Amino acid sequence: MLAPIILFVYNRPVHTQKVIEALASNPESKSSKLFIFSDGPRRNVDIEKVNEVRAICRKVEGFESFELECSESNSGLSASIIHGVSKIIAKYGSAIILEDDLLVNVNFLEYMNHSLQKYQNESNVASIHAYQYPINNKNLPDTFFIKGADCWGWATWERAWNLFQEDGCLLRDQLVERKLVREFDFNHSYPYFQMLEDQIAGKNNSWAIRWYASAFLADKYTLYPKISLVKNIGLDGTGTHSGFSDYLTGNLNDFKPKQYPTEIHEDPAARKEMENFFRRGKGFNRIKSIILKCLRLFF
């Protein structure tokens, strides 16, 4: 049986339509259950778009079945994901998770289901991930493991999701006590620890940084492809937590992984390429941060 698909939507009808169409283009969609969670409007101005998204979802075709759960109030993305993933995984044992801005290629569901089945009894594997940064992948295998977990087109099992720790303070304290901050930050190439600090301080409400930290501290690994099977189309200013950028999106192609690791350990070459990518992006991130701070002064 194929893993159920969970899709989280909010107020972006154009993005939602594209994501559903891309999912339906996967041959496995016809044998897959689709569960859509629609968060309620945060402001009155969002009501029309939220209703438009829900109208699109009610017309979904191309799946074995689908269910739409609509929230009357606004829970926020973090609470919605924690609720939706916990609910579906408790019933089915595993799930494939997407948000309304993640466009998938035609091999996405085959890759996710194959990987879920291949590693379902490997307790050291926390999740499967379909997105990959535009790294230098010339000498990398089709797929590889990296310590932790991720959030742009992912899948997991109940045994791994049970590791999720909602309390960011507990996660931060363990990282500090075990002297793992440098490793957590990919050798200080990306400020993941600061993201966790910001979540604790209420500056963000990221479930993803807590998911990464939870899996990382448990010494679990996530499978990544060397070329992304997902394209984020939400970095256009329309998302609640996104900005204007082509930096991370790359180009979506029909890549289909053929090789999978037989041993569960981190690939040092792949990790190094990810570090290199993060370091190349530091200048861009500083500029983006300055622009966003300026915008907040005027709007």
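For clarity, every value in this text was computed on a predicted model and none was experimentally measured. Starting from 1, residues in each chain are numbered consecutively following that chain's sequence as written. Given that this is a predicted model, residues contribute local features only at a pLDDT of at least 70 and side-chain atom pairs are listed and counted only at 80 or more, while totals for whole chains, interfaces and linings are drawn from all residues. As a rule here, side-chain values come from all non-hydrogen atoms in the structure, and water together with hydrogens is ignored.

1. Looking at the environment of F164
- Of note, F164 is situated in the loop between α5 (158-161) and α6 (168-177).
- When accessible area is computed with a 1.4 Å probe and restricted to protein chains, residues below 20% of their type maximum are described as buried, those above 50% as exposed, and intermediate ones as partly exposed. Look at F164 and you get buried, because its relative accessible area is 13%.
- Separated by 44 residues in sequence, F164 and A208 have C-alpha atoms that sit 10.0 Å apart.
- Beyond its immediate chain neighbours, meaning those up to four positions away, F164 contacts I82, W207, R210, W211 and S214. Numbering goes from the N terminus for both helices and strands, where a helix is a DSSP run of H or I of at least four residues and a strand is a run of E of at least two. Here, two residues are considered to be in contact whenever any of their heavy atoms come within 4.5 Å of each other.

2. Some words on the environment of S214
- By the element assignment, S214 lies in helix α9 (residues 207-217).
- When residues no more than four places from it in sequence are discounted, the contact partners of S214 are L163, F164, Q165 and L171.
- Polar contacts involving the side chain of S214 include one to the main-chain amide nitrogen of Q165, which spans 2.9 Å. Polar contact criterion, stated in full: a pair of N or O atoms within 3.5 Å, where within protein one must be able to donate a hydrogen and the other to accept it, and residues adjacent in sequence count only if both atoms are side-chain atoms.

3. Quick word on the packing of helix α8 (residues 192-200) against α9
- Closest axis-to-axis distance for the α8/α9 pair is 9 Å, and the angle between their directions is 125 degrees. In terms of axis orientation, α8 runs oblique to α9. For the pair α8 and α9, the crossing hand works out as left-handed. Contact residues: Y192, M195, L196 and Q199 in α8; I209, R210 and Y212 in α9.
- A per-class count over the contact of α8 with α9 returns five nonpolar, one polar and one charged. The angle between two axes is taken between their N-to-C directions and runs from 0 to 180 degrees, where each axis is a line fitted to C-alpha atoms and a helix contributes only its stretch in contact. For classification, angles of less than 35 degrees are called roughly parallel, those exceeding 145 degrees roughly antiparallel, those between 65 and 115 degrees roughly perpendicular, and all remaining angles oblique. Handedness of a crossing is defined here by the sense of rotation of the near helix relative to the far one, left-handed for an anticlockwise turn of less than a right angle and right-handed for a clockwise turn. Amino acid classes used here: Ala, Val, Leu, Ile, Met, Phe, Trp, Tyr, Cys and Pro are nonpolar; Asp, Glu, Lys and Arg are charged; the rest, including Gly, are polar.

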